[in-house]
Amino acid sequence: KAYASSSVCGPSRSSILLGRHTGRSLIRGNTGKMGKYGDFALPNDRSTFVEILRKAGYYTALIGKWGFGGHSAIPPSHPLDKGFDKFFGQLTHEDSHIFFPD
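As the structure is a prediction and not an experimental result, all values here were calculated from the model.

Caption draft 1: Local environment of the overall build of the protein chain. For the protein chain, the count of helices and strands is 3 helices and 2 strands. Written out in order from the N terminus, the α and β elements of the protein chain read α-α-β-β-α. Here the protein chain holds 102 residues, and 41% of them are scored as buried. Here the contacts in the protein chain between residues at least 6 apart in sequence split such that 57% fall between residues at least 24 apart. Carbon and sulfur atoms form 59% of the exposed surface of the protein chain, whose accessible area is close to 6500 Å².

Listed below in structure tokens is the structure:
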């Protein structure tokens, strides 16, 4: 059996990273008005579990879609600023949707 905190990817990833149920998360959908291409940025006033792992001495990496806006989001939201040591992938939902064009 598996559990996802939301039926769409943005809120599910937010719940995992911030350790919050979607009922208590600021990110409730994949698109919003806060960032480039409509991505919501992760709030700057909350720590991710990755930042906690990094402080404990773990080396962290994200491979795949970030989906929280990147440097152009308001506020800026980049995986390297949220505890990841390395990042290889797409910053926005739009980037990941056009990565393999039809």
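Caption draft 2: How the structure looks around the side chain of H78. The residue H78 is located in the loop between β1 (61–65) and β2 (86–90) in this model. If we skip the residues at most four places from it in the chain, H78 touches W66, G70, H71, F87 and L91.

Caption draft 3: Representation of the nonpolar core in the model. Within the largest apolar cluster, 10 residues are counted, these being L17, L18, I27, F40, L42, V50, L62, W66, F68 and F84. Apart from the residues within four sequence positions on either side, F68 is in contact with G10, R13, S14, L17, I27, D39, F40, A41, L42, A73, S77 and L91.

Caption draft 4: The arrangement of helix α1 (residues 9–18) in detail. Most of α1 is tucked away: 8 of the 10 residues are buried. Those residues of α1 that fall on the buried side of the exposure criterion are G10, P11, S12, R13, S14, S15, L17 and L18. Remark: G19 follows α1 within two positions and exhibits a positive phi of approximately 70 degrees.

Caption draft 5: Quick look at the side chain of T48. Mapped onto the elements of the fold, T48 is located in the loop between α1 and α2 (49–55). Note on T48: relative accessible area 1%, which makes it buried. Only 2.8 Å separates the side chain of T48 from the backbone oxygen of K82, close enough to count as a polar contact. Setting aside residues up to four positions removed in sequence, T48 forms contacts with L17, L18, L42 and K82.

Caption draft 6: Molecular detail of the pattern of salt bridges. Counting across every chain of the model gives 1 salt bridge. Residues R54 and D85 are paired through a salt bridge, measuring 2.8 Å at the closest nitrogen-oxygen approach. Pair noted here: R54 is in helix α2 and D85 is in the loop between β1 and β2, with a separation of 31 residues, a long-range link.

Caption draft 7: Quick look at the environment of S96. Tracing the sequence through the fold places S96 in helix α3 (residues 93–97). In this structure the C-alpha to C-alpha distance between S96 and G64, which are 32 residues apart in sequence, comes to 8.6 Å. Here S96 is in contact with K65 and Q90, once residues within four sequence places are set aside.

Analysis parameters
- Sequence positions are assigned chain by chain, starting from 1 and proceeding in written order.
- Only residues with pLDDT of 70 or above have their local features reported here, since the model is predicted, and side-chain atom pairs are shown and tallied only from 80 upward, although totals for entire chains, interfaces and linings are computed over all residues.
- Only hydrogens and water are set aside; all other atoms, that is, all heavy atoms of the structure, feed into the side-chain values.
- What counts as a helix is a DSSP run of H or I of at least four residues, what counts as a strand is a run of E of at least two, and both are numbered from the N terminus.
- Whether a residue is buried, partly exposed or exposed follows from its accessible area with a 1.4 Å probe, protein chains only, as a fraction of its type maximum: under 20%, in between, or over 50%, in that order.
- Every residue pair with non-hydrogen atoms within 4.5 Å of one another is taken to be in contact.
- Each accessible area is a Shrake-Rupley estimate made with a 1.4 Å probe; only the visible protein chains count as cover when residues are assessed.
- Buried Ala, Val, Leu, Ile, Met, Phe, Trp, Tyr and Cys residues that are joined via side-chain atoms within 4.5 Å together make up what is termed a nonpolar core.
- For this analysis, a polar contact is any N or O atom pair within 3.5 Å, provided that within protein one partner can donate a hydrogen and the other can accept it, and provided that sequence-adjacent residues contribute only side-chain to side-chain pairs.
- When a carboxyl oxygen of Asp or Glu is within 4 Å of a side-chain nitrogen of Lys or Arg, the pair counts as a salt bridge.

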